[in-house]
Amino acid sequence: MKRPIQLADISRYRGELMGLAMLFVMFFHVWMPKGNVMYGLVRCGNVGVDMFLFLSGIGLWYSWTKDPSPKRFFRKRYLRVYPAWVVIACLFYIPNYLNTPGGGYSPDLPNLIANILVGWSFWRVDDLTFWFIPAIMMLYTFAPAYMNLIIRHPSYRWLAAVAMVLAVMVQYYPPVHQAVGHLEIFFSRIPIFLIGVNCGAWVKEKRPVEGQAVWLVLITFILSLMMCVEFEESWRGRFPLFLERMVYIPLTVSGILLFTELFHHTPRPVLRALAFVGTISLELYLIHIQFVLKYITPYKLGYCLTALAMIAASLVLAWILHKIIGKTTSYFKVGMTGK
């Protein structure tokens, strides 16, 4: 391959990559019998979460270096996530509180309010229902400080490696494990987020990578995918999950580079469809399990029909929610500016 790999293509195809990542996550959430030949590959769809975090890190670097204003940064981030989150959190946690003995994830009214506001039960008891939202909001909270730090002292980009050590400590170092061991799913995803922020400068500066590097990228992708499939097919339940998430890191970076190259040869209608999915990926994440898949699964349609029905219904509901939230936040912005 003579043509250089253009890191700027990660930004160019960001919407399509987000859409692809969301589809991976949705396929992952549909139950498949372990005997299915595609089981290990489908279970690797969990890497879509890491793709989101890597791409989010790059996007935050663009935003922060363009306008390093904490007020604007947080307003933009939270206006995208928070309104949809509050709607869905109310629809889930209020019925859960009223209809479940002991209040379910909300043992009392203060916990219910905290769940709606910040997804408190994730931090309290590892409630994974919508875990990505409180996790990404926490990462947003600390992102400006990290970006300021690496701008002033670039050597601190190595904190991504320190975060890998922290993930190991969360599993194996008793004081840390006792304090936050139930949050392994969060701590093991911090490294890929920081790596995304670190790569943001290279993407923004449109740095090329020599074309021959595609073979290194391909080897990294194949080896990482092989290991993750092996984890899922042969070792599931016999190893700490953070170990596979560490393999997700090279799988994520190499996979995104390969997908951007593939997108150069992908028909435009397919790219537009992926970009559309990427646009409503937040709403899809919030809706597809608890409000769609939960009601389709009892019909036992088989993996393919269940996945297709879930995606079709979720796309419609997510688009409606996206439009409603978009109009509401637009009205709010107009009211804030007085125009």
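Worth saying up front: this structure is predicted, and the values here are computed from it rather than measured. (Residues numbered from 1 in each chain as written. Predicted model: local features only at pLDDT ≥ 70, side-chain atom pairs only at ≥ 80, totals over all residues. Heavy atoms only, no water.)

(A) Representation of the nonpolar core in the model. By size, the foremost hydrophobic cluster in this structure holds 98 residues, and its most contacted members are Ile10, Phe132, Ile133 and Leu286. Considering each element in turn, this core owes the most residues, 11 residues, to helix H8 (residues 132-152). Not counting the four nearest positions on each side in its chain, Leu286 is found in contact with Ala84, Trp85, Ile88, Phe130, Ile133 and Phe291. Formed by 9 residues, the second largest nonpolar core is a distinct cluster that contains Cys228, Val229, Phe231 and Leu251. (Core = buried A, V, L, I, M, F, W, Y, C linked by side-chain atoms within 4.5 Å. Buried < 20%, exposed > 50% of the residue type's maximum accessible area, 1.4 Å probe, protein only. Helix = DSSP H or I, 4+ residues; strand = E, 2+ residues; numbered from the N terminus. Contact = heavy atoms within 4.5 Å.)

(B) Main features of the side chain of Glu232. One can find Glu232 in helix H13 (residues 213-235). Under the relative-accessibility criterion, Glu232 is labelled buried at 1%. A distance of 3.2 Å separates polar atoms of two side chains, one belonging to Glu232 and the other to Arg236. Discounting chain neighbours no more than four positions away, the residues touching Glu232 are Lys34, Tyr39, Gly40, Arg43, Cys44, Glu244 and Tyr248. (Polar contact = N/O pair within 3.5 Å; in protein donor to acceptor, adjacent residues only side chain to side chain.)

(C) Expanded view of empty space enclosed by the protein. Counting across every chain of the model gives 1 cavity of 30 Å³ or more. In terms of lining, the largest cavity is formed by Thr129, Phe130, Tyr285, Leu286, His288, Ile289 and Gln290. Looking at the lining of the largest cavity, the elements that each hand over two or more residues are helix H16 (281-287) and helix H17 (289-296). Grouping the constituent residues of the lining of the largest cavity by class yields 4 nonpolar, 3 polar and no charged. (1 Å grid on protein atoms, 1.4 Å probe; cavity = no way out; pocket = protein on both sides within 12 Å on 5 of 7 lines; lining within 4 Å. Points joined across faces, edges and corners; volume = space filled by probe spheres on them. Nonpolar A, V, L, I, M, F, W, Y, C, P; charged D, E, K, R; others polar.)

(D) Just the state of the cysteines, in detail. In this structure the tally under the stated criterion is 0 disulfides. You can see Cys228 has no disulfide; the closest cysteine sulfur is in Cys44, sitting 5.0 Å from it. (Disulfide = S-S within 2.5 Å.)

(E) The layout of surface pockets, seen in detail. Estimated volume of the largest pocket: approximately 980 Å³. Contributing to the lining of the largest pocket are 41 residues, with Arg14, Arg77, Arg80, Val81 and Tyr140 lying nearest its centre. Of all elements in the fold, only helix H2 (14-29), helix H4 (47-66), helix H5 (70-99), H8, helix H15 (268-279), H16 and helix H18 (303-337) reach the threshold of two or more residues within the lining of the largest pocket. Sort the elements by how many residues they give to the lining of the largest pocket and H18 lands first, with 10 residues.

That's the geometry; what it means functionally is another story.
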